[in-house]
Amino acid sequence: MQRKLWRVADLNKNAAAELAEYCGIDPTLALLLVSRGILTDIDAEMFLSEELDFFDPFLIADMDKAVSRIKEGLMSFEKMAVFGDYDADGITSTAVLYRYLASHGANVTYHIPDRQKEGYGISEEAVQELSRDGVTLIITVDNGISAFAACEKAKKANIDVVITDHHRPSETLPAAYAVLNPHRADCPSEYKDFSGVGVVFKLLCALEGGDFQEILEEYGDLIALGTVADIVPLTSENRMLVKAGLEKINRDPCLGLAALKAVCGLEGKNLNASNLGFALAPRINAAGRIGNPYHALYLLLADDFSIANEISQNLDALNKSRQQIEADILKEAIEEIETHPEIRFSSVIVVAKENWHPGVIGIVAARLVSRYGKPAVVISLNGDEGTGSCRSIEGYSMFDALSEVQEHLLRFGGHPGAAGLGIKKSEIDAFRTALDQKAKEKSLPFLYVDIDFKLNPASVNTGLLDTLALLEPFGCENPAPLFGLYRMTLAGVQPVGEGKHLRLTLKKGLTELTAMLFSTSLAQFPYHIGDTVDLAVQIEKNEFRGVIKPSVQIREIRFSENDEENYVKSLRLYEKYKHGDTLSEKEAVFLLPSREFLLSVYRFIQLNAPFAFDAEVFCKRSGCKEAHAGRVLVALDVLLELQLLEYKDGAYRLPNAKRTEKADLQNSEILKGLKEKGA
């Protein structure tokens, strides 16, 4: 796992105190609002209000044209088609618009492209097929903003196209009858960060003359699901959509979602945004990733619970298959990365292989970002061409990066945080090099853990749970608050869940609390009883037998009193060296370990083998400065090169076989190279 820098919000405590007084709210709530940039009483009241207040849908460019054309189609009973997408946003968008049009007597059908056979978005072939079926009006949802050829084909076939999309447009727009996309340069809409289903919501509001209440009452559950699944910011209108949708999901969901809740073990429970994102959405997405997306659509259109239940069971099984496929590809990707320094130490990881399932490579890319702390591109090759999925980090726009190197691509599109591409196999190496060079020109951002504020452990109580509930729903740009517990003494460690997780006991002064650290075994835990640690935690509600208690969930943990910024910079310098980039004389000297330094590293491993932790743990346990972490890694490389150490099963240890001759540092090519650069 890549080390992240901790960043505590620079709070204006005076502004928080004033906000608490003006609004009559808890001081902790005021601090959390200020940490989210909510500084005035008006903004606070709007954020906390239970009332729904949406902007005029006709502020979206071309909305009047789209509404006029769709109403004309309804009146004349012409055949129209909803053209969707195979992810959860696209499937919910298709279901919402189809159900609305069908309920208004439309002669309407739908089409969702097959991910592997047709690829993303509306194509010329799809237009031709719909034309043969007598369709004269196509409405795209969650796609279409780059469908230039398809729109030209539709024109020639006398088919009008209304595009509803939220992906970033290029400078020119397709020749469609209407293009609804808040990101259009000429769109005056006051809020722009909708998902695909969010744009559909605005279209239906316009068709209903602005009556958003009726739309939310009928389709709010699906709109909330698609919004959360697409990881758009849960701010302003999106936040209101999810709040209203969750209320409907918990009160009166459509049959399909009711059945899916039951399959997920959530029947009878009040769902939150996290449940949508991590329980319901993956099962909807599984259909489009490795199965048939129509099965998920049929679930959302189902009017018979037994049918909905059967489909839900199938989607659940499909999701389990997806998880296994994903795990297999992730393992292969990591092996490919770790055995190729030009991939492992590039600023942007680009990894490709034949026949990786294109439906899960986006998830794998996200896993690689988390592991390596860099943007990642995962490409599934099929013959001479590949389909890629990209995920990024804060401060690095993947869409902009692809735009700068598009000469190496067949196609691309997406958002700052996620994108897709098509590429010739022969261009992959050049593409990787170009991305790396562009990233180095701009200096790739560091990964950060953003902490709302430092918390007194004595404040962890049920009152805090009540305060946090007022900020929900949580999601992108409105995350669940992350608190810092600093200088806590580790007093106990207990494995739980068959040893897969840990329950920690922590003390500070007279306060003692327990906290859960998931997906970490005792063998993977580098801390000792008595260590002083900092924790970044979230506080969640735990209800058992009617008793509600706060549950402390550890998201990050580190040693207290650390020099993390210089540590991370030292790792970056080591990666620069390993990638083969040019080092300055000063950089080479800084990385070059002396004989004494090498001996100290060797002796530490000798005393602590097997050593299965990172350079930060090495520095803390050995007394080495964290700024020299890069030098530690070079020293370990040298000791491996000279066969004084071996690296096996994720740990450094002494070789089993005894050496017959003395190791000579003069034989180290690593040391020779650094000495030459530092000369």
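First, a word on what this report is: a plain description of the structure on this page. (Residues numbered from 1 in each chain as written. Predicted model: local features only at pLDDT ≥ 70, side-chain atom pairs only at ≥ 80, totals over all residues. Heavy atoms only, no water.)

Below, the discussion takes up the sheet that holds strand β3 (residues 107-111). Ordered in space as β3-β2-β4-β5-β6, the 5 strands form an open sheet in which the pairing is parallel. Only two strands of the sheet have a single neighbouring strand rather than two, namely β3 and β6 (178-180). Recorded for the sheet is a direction-independent mean angle of 20° between the axes of neighbouring strands. With 3 bridges joining them, strand β5 (residues 160-164) and β6 adopt parallel strand pairing. When the bridges of β6 are listed, Ile-163 appears paired with Val-179. (Pairing = 2+ DSSP bridges. Helix = DSSP H or I, 4+ residues; strand = E, 2+ residues; numbered from the N terminus. Axes fitted to C-alpha atoms, helices over the stretch in contact; angles between N-to-C directions.)

Now for a negative patch on the surface. Together, Glu-118, Glu-124, Glu-125, Glu-129 and Asp-133 make up a region of like negative charge exposed at the surface. Among the structural elements, Glu-125 can be located in helix α6 (residues 124-132). A relative accessible area of 57% places Glu-125 in the exposed class. (Patch = residues over 30% accessible without salt bridge, like charges linked within 9 Å, V, L, I, M, F, W, Y side chains within 5 Å. Areas by Shrake-Rupley, 256 points an atom, 1.4 Å probe, with all protein chains shown as cover. Salt bridge = Lys/Arg side-chain N within 4 Å of Asp/Glu carboxyl O. Lys, Arg positive; Asp, Glu negative; His and termini not counted. Charge placed at Lys NZ, Arg CZ, Asp CG, Glu CD. Buried < 20%, exposed > 50% of the residue type's maximum accessible area, 1.4 Å probe, protein only.)

Summed over all chains, the structure comprises 41 salt bridges. Note that Asp-316 is salt-bridged to Arg-283, the shortest N-O span being 2.8 Å. Taken together, the positions of Asp-316 in helix α14 (residues 305-338) and Arg-283 in helix α12 (residues 273-290) put the pair 33 residues apart, joining distant regions of the chain. Grouping residues by exposure puts Asp-316 and Arg-283 together as buried. A salt bridge links Glu-512 to Lys-507, with the shortest nitrogen-to-oxygen separation between them at 3.6 Å. Lys-507 gets classed as partly exposed once you look at its relative accessible area, which sits at 38%. Connected through shared salt-bridge partners, Arg-3, Asp-534, Arg-558, Glu-564 and Glu-616 make up one network.

Turning to the packing of helix α22 (residues 595-608) against helix α24 (residues 629-641), a few remarks are in order. Axis angle and axis distance: for two packed helices, these are the angle between their axes and the distance between the axes, and together they describe the pair. Contact geometry for α22 and α24: axes closest at 10 Å, N-to-C directions at 75°. What the angle tells us is that α22 and α24 run roughly perpendicular. Taking contact as the criterion, the partners of Phe-597, Leu-598, Val-601, Tyr-602 and Ile-605 in α22 are, on α24, Arg-631, Val-632, Ala-635, Leu-636, Val-638 and Leu-639. (Parallel < 35°, antiparallel > 145°, perpendicular 65-115°, else oblique. Contact = heavy atoms within 4.5 Å.)

Ranked by size, the top nonpolar core spans 79 residues in total, and within it Leu-33, Phe-483, Leu-506, Leu-535 and Ile-539 carry the most contacts. At 8 residues, α24 tops the list of elements feeding residues into this core. When neighbours within four sequence positions are excluded, Ile-539 is seen to be in contact with Val-460, Leu-464, Leu-465, Leu-468, Phe-483, Pro-550, Ser-551 and Val-552. By size, the runner-up hydrophobic cluster in this structure holds 78 residues, among which are Val-82, Val-141, Cys-205 and Leu-315. (Core = buried A, V, L, I, M, F, W, Y, C linked by side-chain atoms within 4.5 Å.)

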